[in-house]
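# Residue-level structure breakdown
One-letter residues, chain by chain:
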Protein chains: 4
Amino acid sequence: MAPQNKIKVGILGATGTVGQRFIQLLADHPYFVIHALGASSRSAGQPYAKVTRWKLNTPIPGHIQEMVVQECKPDAPGFADCGVVFSGLDHDVAGEIEFAFRAAELIVFSNAKNYRRDPVVPLMVPLVNPHHLPVVKHQQTTLSPPTKKGYIVTNANCSTTGLVVPLAALEKAFGPIETVLVTTLQAISGSGYPGVPSLDIIDNVVPYIGSEEEKIEWETSKILGGVNADEQGFDYHASEPMKISATCTRVPVIDGHTGCVSVKFKRSPAPSVEEVKEAFRSYTCEAQTLGVPSAPKQAVILHEAQDRPQPRLDRDLENGAAVSVGRVRECNVLDIKFVCLIDNVRLGAATSSIMNAEIAVEKGYIV
Amino acid sequence: MAPQNKIKVGILGATGTVGQRFIQLLADHPYFVIHALGASSRSAGQPYAKVTRWKLNTPIPGHIQEMVVQECKPDAPGFADCGVVFSGLDHDVAGEIEFAFRAAELIVFSNAKNYRRDPVVPLMVPLVNPHHLPVVKHQQTTLSPPTKKGYIVTNANCSTTGLVVPLAALEKAFGPIETVLVTTLQAISGSGYPGVPSLDIIDNVVPYIGSEEEKIEWETSKILGGVNADEQGFDYHASEPMKISATCTRVPVIDGHTGCVSVKFKRSPAPSVEEVKEAFRSYTCEAQTLGVPSAPKQAVILHEAQDRPQPRLDRDLENGAAVSVGRVRECNVLDIKFVCLIDNVRLGAATSSIMNAEIAVEKGYIV
Amino acid sequence: MAPQNKIKVGILGATGTVGQRFIQLLADHPYFVIHALGASSRSAGQPYAKVTRWKLNTPIPGHIQEMVVQECKPDAPGFADCGVVFSGLDHDVAGEIEFAFRAAELIVFSNAKNYRRDPVVPLMVPLVNPHHLPVVKHQQTTLSPPTKKGYIVTNANCSTTGLVVPLAALEKAFGPIETVLVTTLQAISGSGYPGVPSLDIIDNVVPYIGSEEEKIEWETSKILGGVNADEQGFDYHASEPMKISATCTRVPVIDGHTGCVSVKFKRSPAPSVEEVKEAFRSYTCEAQTLGVPSAPKQAVILHEAQDRPQPRLDRDLENGAAVSVGRVRECNVLDIKFVCLIDNVRLGAATSSIMNAEIAVEKGYIV
Amino acid sequence: MAPQNKIKVGILGATGTVGQRFIQLLADHPYFVIHALGASSRSAGQPYAKVTRWKLNTPIPGHIQEMVVQECKPDAPGFADCGVVFSGLDHDVAGEIEFAFRAAELIVFSNAKNYRRDPVVPLMVPLVNPHHLPVVKHQQTTLSPPTKKGYIVTNANCSTTGLVVPLAALEKAFGPIETVLVTTLQAISGSGYPGVPSLDIIDNVVPYIGSEEEKIEWETSKILGGVNADEQGFDYHASEPMKISATCTRVPVIDGHTGCVSVKFKRSPAPSVEEVKEAFRSYTCEAQTLGVPSAPKQAVILHEAQDRPQPRLDRDLENGAAVSVGRVRECNVLDIKFVCLIDNVRLGAATSSIMNAEIAVEKGYIV
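The name that an unreviewed UniProt entry assigns to chain A is Aspartate-semialdehyde dehydrogenase, with the source organism given as Papiliotrema laurentii. For the record of chain A, the UniProt heading Catalytic activity (unreviewed entry) holds the text "L-aspartate 4-semialdehyde + phosphate + NADP(+) = 4-phospho-L-aspartate + NADPH + H(+)". Note on chain A: under the UniProt heading Sequence similarities (unreviewed entry), the record states "Belongs to the aspartate-semialdehyde dehydrogenase family."

In structure tokens, the structure reads:
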């Protein structure tokens, strides 16, 4: 339930693509109130509206327009009062800055990739593995410098998130998945701004996104795996290793990553198409039972129309906080195949960070 | 080598998307000369330029503009003199019309799907299986009515063609492939005109193309299989059954179908990435050794740049008559994965029919 | 203020592009409640969700999904109880059907073009000329058959609407405009579904839209003109004839028509750029003073950024019920030029009909 | 007629968008042979194929791939031997570099804007004003430093070029034009690479292109004007001043700028629509009578189909070296309106520079 007083939050990388989404989603939030905006030193000291090339189709919230942007330093005005800091920083600067904020006893929910592979940093998809959160306690004592309050939680890569939510539903219902083959068709917004040149993508497909396939192949096992008994680390799905092969492509779509997925279960016989559909339909997760404000009513939306999900028509369902699946059918090579869709800028990025923080509030990790 | 006198050819469905390509590609052809144009009764009796919504970026060839369109009947003026008839008809009318032309002792090279599964009709991809052509002899005696001269040869579905060319190169080098998993990203032109409504595809992906997956899964085995010893039918790759699983999507690309492919070989150990690349590079086929005019210099074009092939940049290579492949690398689930690209309206449609006919000329099946 | 009991409304052409918008916008409306859905006889008798290819990015409202579709006949179940009927019919059937509904004493707010030029039918843009509404009284007595209650009000063509709102603001501030030159860049949704084939518009511009230029050139004078003293007809801006020249093009944009406009005022000297900006900013209209629910807070939104308005970023402002203008500057040939943008499916279509009906309620023309 | 020995040419900015077109168009040219490639110091010393992100749909010509790129300095290897240097440099460096090449007695044909307004530099559209070329003689003596051989000729901005060719045809037939109102819909390639971010232009229009409107409004008068009697400068259409008002927009089109144009003639009565069409059809220019290799057969291509010209279908006509016009009709405000289309990267850029140089060869200005 909502905290008695709203928690002040800061946003790092506030002028960028993910930062703009943070602002849009947090402008009128029941738990959080935007208190500090951080960006590059070039923008610091100026009103937000003046230094930002705002690219969303809702206006900059009125009270944010004149808010003065700060440098991304823990001692810049405002950050010290923040109960949470959200980071939409580019990876080339995120490592150092997020480290400094944690060291300054701030709690960081980051969309950047820098700490995703750290053995004491939760890689947390809010609809999948909030049970990874307790590891931050060990992080506080073991990561240098030790902290009393500060820690870092990251969310996953956008295309990984779209994949692991339906996989989690399947593993919950049917036990371990052995192999996953996925081809993604990813939106241009996944690459930020200016991002993909229009000359590269209009009337075209680019069948390569740098290091994206490795992210999917690596992150999935950490997310779907458990927490060690001592709550000091993760098991990376190690007792039932999962083989994952990804091919990532860029297509001329603004928002919404589509994935074409084939899976093979450890269990034999494999579940039927109908059982799989039912598993998707009935999947519930901790974010929902906790009732946090950004949780979708339906975590996995099952489409029965044979030509769905489609990015333009389905990305806005549940305010972009759910994963759509469709075309569930048998695979001639593995067991089952389906198509999934995620709003890469909401559940794939900003919404995940925010819902992770909401969960942390409810579970007592932010006080 | 070129016939002494050019062979007169007719085009069925001449006003449609594939028919327009036939005209563009045959306007100045060393073997063939356009002699008759067939379309619906609505267009019959009128000049070609008047009844056609021409959609190519080269003008209608001068001598074709005023050519009078005929009905698609073997006894309509001009068809009786034709040595070959090319069919770009829609499948809803192709079955009956092509049957009538064959019965009237005409040789039909068809892009339609109607006869692809017929056990005595070659399903012929010119860069792969011209050795299926002799079965037309048996077709002449066994299919009703028996003919002396008339027969039907079909080419494959556009996305199948883009897949089987690289697979043929791999089987030639390494023996049977056991399993294939493919996800396609297909161009709008594959659906003809008016085809895909713009409201359905701009800023969107449609993860379904009616019966396309079944075509890929079925046609591949017929094409990559052999001819029975008696030359009276096909073996459908039966001694080494191939499991194929396809997912087909539509993307906002004008021309050029992309495929993301994973394969597993029967042979163990599987060939290395370098060996696979070399197999693509060195693949040669009968169309090339016969030296027919539409044959590409390189049947499979291997791209080393990590972000290629791309439809807009690579579909025009070899005048659209080759298949591009790239991103050859190991697959964590099967053996090898790669990306392939075909110009769906040229090698995927009109160029295949034409090259098939050129091969038939060279091999003495058109006299 | 809201009627005491919600008024039952019917929707004609309910399965089409505009019909879907009517449903989306009326699903939870303070004045109106959807009571009857009309479509072709092919759909009649079946649940709405079954016969509709829904193309909006919000789901079909729950209570509408199972509503049984009727034929578009005044005596089909439900219509007789309706206080208002909204028509999103295609013009090829709208004439006869709307006539029949009016004759059956129903009040029709139509988006179709059929009666726009009728001398006793208001052509009403809700942000511009609600003072045309009283002419329906004369319509009731003079149009055959005479009616007691039934009448027809049409709204304008979508691109006309985007133009006349800023022109009305200018005439209100500075008196008559003498000449208008406008080039439009129109969205594909303006042509309905299936509408524009994707092969015609991706990577392309089509510099022609059938009869669109004539609509802009004709409708503008009726809308910006006044009502005759006897309230029996319109003056068509006749005392100060306005010369209008339009060029209409189609561009690959989903929603949102852009117009590049140059105007010359009768008054000399012409107003300055600053005065024109102020006229846009301060424009208010009767829909706002009446306080009807669909009225925007700001009827004309003035953008100061030099690269705005843009369809994708600005079409959703004011829930699509306002017109954006920007780039106000001097014209070397006429007096002033600017760029305008309208959401063609909301204020350009469904929202206009609905707001017109809301105004009619407030002014006592619907009881 | 072709020079006896091919003239060696250098290309400045060889790795950029325009530079790539120069290479494509000059790879097999009857007058010129590529001898030196200049780019930034970062690329210098390396093979062309290695440092270039080639974005054309034909491969890099074989003999160019390994050619070593030089710095853009007149004394870098190769340039001293060049009879012509083509510049595709960005304006931020073009000024200084082109100046240095001229000072080193090289003849520069530039696509950059830097010297277009110089009173002794021809601003030359090859299909319009080759009679401006003699002013280079005065340039050699009057511009500092004086040169014996070196001079600079610029071509026009791409959208200006698309406009002035049809205007030249009209002035040739009907005498001076008084006013021109033009709205352009410009392709993304006009902005180079990476140029327009895809997030800014997919499903969008940007109604502003920095300083483009000023270029059209200024350049047109210089190009359509004459040369002073002493051949020492230009008359800028001064005796019959032309008022030009331009609005420039960016649309999601890859290549091809569309213009919607209204004109008013000085002569009264104005020519009829039929007379204007005939003037377009019959327009011939000096590039054609000289018979230079890049000259189109038809300088202005008149389209009669009501929905043409369209960028995707018509930009390749005449190998991109002509201007298409269509929709010639009366204007309610000025006299006549029409739509024009230019391939902005060919006649709008590289082809203009090359054709200008071909003309200079034929007229004895390159020896």
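With that settled, the discussion passes to helix α9 (residues 273-282) of chain A. Residue and element names in this part refer to chain A. Those residues of α9 that sit buried are V273, V276, K277, A279 and F280. Within α9, the buried residues cover an arc of 160 degrees as seen down the axis, which keeps them to one side. Buried residues along α9 sit in contact with α6 (158-174), β9 (257-265), β10 (300-302), β11 (323-330) and β12 (336-342).

Residues and elements named next belong to chain B. Of all 10 residues making up strand β7 (residues 177-186), 9 are buried, and the element is well covered by its neighbours. The sheet contact formed by β7 and strand β9 (residues 257-265) spans 8 bridges and is antiparallel. Note on β9: the bridge partner recorded for T179 is K264. Two elements, β7 and strand β8 (residues 243-250), share 8 bridges in a ladder whose sense is parallel. By the bridge assignment for β8, L185 is matched with T249.

At an RMSD of 0.0 Å, chain B and chain A line up after a rotation of 180 degrees and a shift of 0.0 Å along the axis. Such a combination of rotation and displacement between the chain copies is what one expects of a two-fold axis. When the interface residues of chain B are mapped onto chain A, 100% of them again lie at the interface, so the same face is used by both copies.

Enumeration over the complete set of coordinates arrives at 72 salt bridges over all chains. Between D343 of chain A and R346 of chain A there is a salt bridge, and its shortest N-O distance comes to 3.0 Å. With a relative accessible area of 9%, R346 of chain A lands in the buried category. The partner of E71 of chain C in a salt bridge is K73 of chain C, with the nearest N and O atoms 3.8 Å apart. Note on K73 of chain C: relative accessible area 42%, which makes it partly exposed. Counted as one network, the salt bridges with shared partners bring together E274, K277, E278, R281 and E304 of chain A.

This brings us to the environment of C158 of chain D. Residues and elements named next belong to chain D. One can find C158 in helix α6 (residues 158-174). The class of C158 is buried, set by a relative accessible area of 9%. Sequence separation of C158 and N111 is 47 residues, and the distance between their C-alpha atoms is 9.3 Å. For C158, the residues in contact, after removing those within four places along its chain, are E212, H257, I342, N344 and G348.

Turning our eyes to something else, we now look at the interface of chain B and chain A. Of the residues lining the interface, 47 residues belong to chain B; the matching set on chain A comes to 47 residues. Summed over both sides, the interface of chain B with chain A buries roughly 3,700 Å², with 55% coming from carbon and sulfur. Viewed at the interface, chain A and chain B are joined by 28 residue pairs in polar contact (both at pLDDT 80 or more). Breaking the side of chain B that touches chain A down by element, the ones donating at least two residues are β7, α7 (198-201), α8 (212-224), β8, β9, α11 (311-314), β11 (323-330) and β12 (336-342) of chain B.

The next subject is the sheet that holds strand β8 (residues 243-250) of chain D. Residue and element names in this part refer to chain D. Sheet architecture is open: 6 strands sit in the order β8-β7-β9-β12-β11-β10, paired in mixed fashion. Either end of the sheet is taken by a strand with one partner, and the two such strands are β8 and β10 (300-302). Taking the axes of each pair of neighbouring strands and ignoring which way they run, one obtains an average angle of 25 degrees across the sheet. Seen against the sheet, helix α8 (residues 212-224) touches β7 (177-186) and β8 and runs at an angle of roughly 145 degrees to β8.

Let us now look at the packing of aromatic side chains. Residue and element names in this part refer to chain A. Enumeration according to the criterion identifies 44 aromatic pairs over all chains in this entry. Look at F280 and F338: their rings are 5.2 Å apart centre to centre, the planes differ by 70 degrees, and that puts the pair in the edge-to-face class. Taken together, the residues F280 in helix α9 and F338 in strand β12 connect sequence positions 58 residues apart. In terms of burial, F280 and F338 fall into one category: buried. In textbook terms, an aromatic cluster arises when at least three aromatic residues are bridged by ring pairs, as seen for F22, Y31, F32, F86, F109 and Y151.

Between chain B and chain D, the residue contacts involve 14 residues of the former and 14 residues of the latter. Across the interface of chain B and chain D, roughly 1,200 Å² is buried in total on both sides, 50% from carbon and sulfur atoms. Three residues stand out in chain B for area buried against chain D, namely N57, R312 and L313 of chain B, and they jointly supply 41% of the buried area on that side. Taken together, the connections running from chain B to chain D amount to 0 salt bridges. Here chain B and chain D share 2 residue pairs in polar contact (both at pLDDT 80 or more) between them. Looking at the side of chain B that touches chain D, its residues break down into 6 nonpolar, 1 polar and 7 charged.

Glancing now at the packing of helix α1 (residues 17-26) of chain A against helix α12 (residues 346-362) of chain A. All names here are of chain A. The interhelical angle for the contact between α1 and α12, taken along N-to-C directions, is 55 degrees, at an axis separation of 10 Å. The angle between α1 and α12 falls in the class oblique. In this structure, α1 meets α12 at a crossing whose hand is right-handed. The residues of α12 that touch α1, namely those facing V18, R21, F22, L25 and L26, are R346, A349, A350, T351, S353 and I354.

Now for the sheet that holds strand β3 (residues 70-71) of chain A. Residues and elements named next belong to chain A. Sheet architecture is open: 6 strands sit in the order β3-β2-β1-β4-β5-β6, paired in parallel fashion. Edge strands, defined here as strands with exactly one partner in the open sheet, are β3 and β6 (151-154). Against the sheet, α1 contacts β1 (7-12), β2 (32-39) and β4 (84-87), and its axis sits at roughly 160 degrees relative to β1.

On to the side chain of T179 of chain B, then. In this fold, T179 of chain B is placed in strand β7. Classification of T179 of chain B by relative accessible area gives buried; the value is 5%. Contact partners of T179 of chain B, with chain neighbours within four places excluded, come to V333 of chain A together with K243, S262, V263, K264 and L334 of chain B.

Attention now goes to the packing of α6 of chain A against helix α8 (residues 212-224) of chain A. Residue and element names in this part refer to chain A. Relative to each other, α6 and α8 sit at 35 degrees, their axes nearing to 9 Å. Our pair here, α6 against α8, has a crossing hand that is right-handed. Here C158, S159, T160, L163, V164, L167, A168 and E171 of α6 come into contact with α8, specifically with E212, K215, I216, E219, T220, I223 and L224. Here the contact of α6 with α8 is composed, by residue class, of 8 nonpolar, 3 polar and 4 charged.

How each quantity is defined
- Residues numbered from 1 in each chain as written.
- Chains lettered and ligands numbered in written order.
- Predicted model: local features only at pLDDT ≥ 70, side-chain atom pairs only at ≥ 80, totals over all residues.
- Heavy atoms only, no water.
- UniProt positions renumbered as here; feature names shortened; annotations may be inferred.
- Buried < 20%, exposed > 50% of the residue type's maximum accessible area, 1.4 Å probe, protein only.
- Helix = DSSP H or I, 4+ residues; strand = E, 2+ residues; numbered from the N terminus.
- Arc of directions from axis to C-beta.
- Contact = heavy atoms within 4.5 Å.
- Pairing = 2+ DSSP bridges.
- Least-squares fit on C-alpha atoms with pLDDT ≥ 70 in both.
- Salt bridge = Lys/Arg side-chain N within 4 Å of Asp/Glu carboxyl O.
- Buried area = accessible area lost by both parts, 1.4 Å probe.
- Polar contact = N/O pair within 3.5 Å; in protein donor to acceptor, adjacent residues only side chain to side chain.
- Axes fitted to C-alpha atoms, helices over the stretch in contact; angles between N-to-C directions.
- Phe/Tyr/Trp six-rings, centres within 6.5 Å; stacked < 30°, edge-to-face > 60°.
- Nonpolar A, V, L, I, M, F, W, Y, C, P; charged D, E, K, R; others polar.
- Parallel < 35°, antiparallel > 145°, perpendicular 65-115°, else oblique.
- Left-handed = near helix turned anticlockwise from the far one by under 90°.

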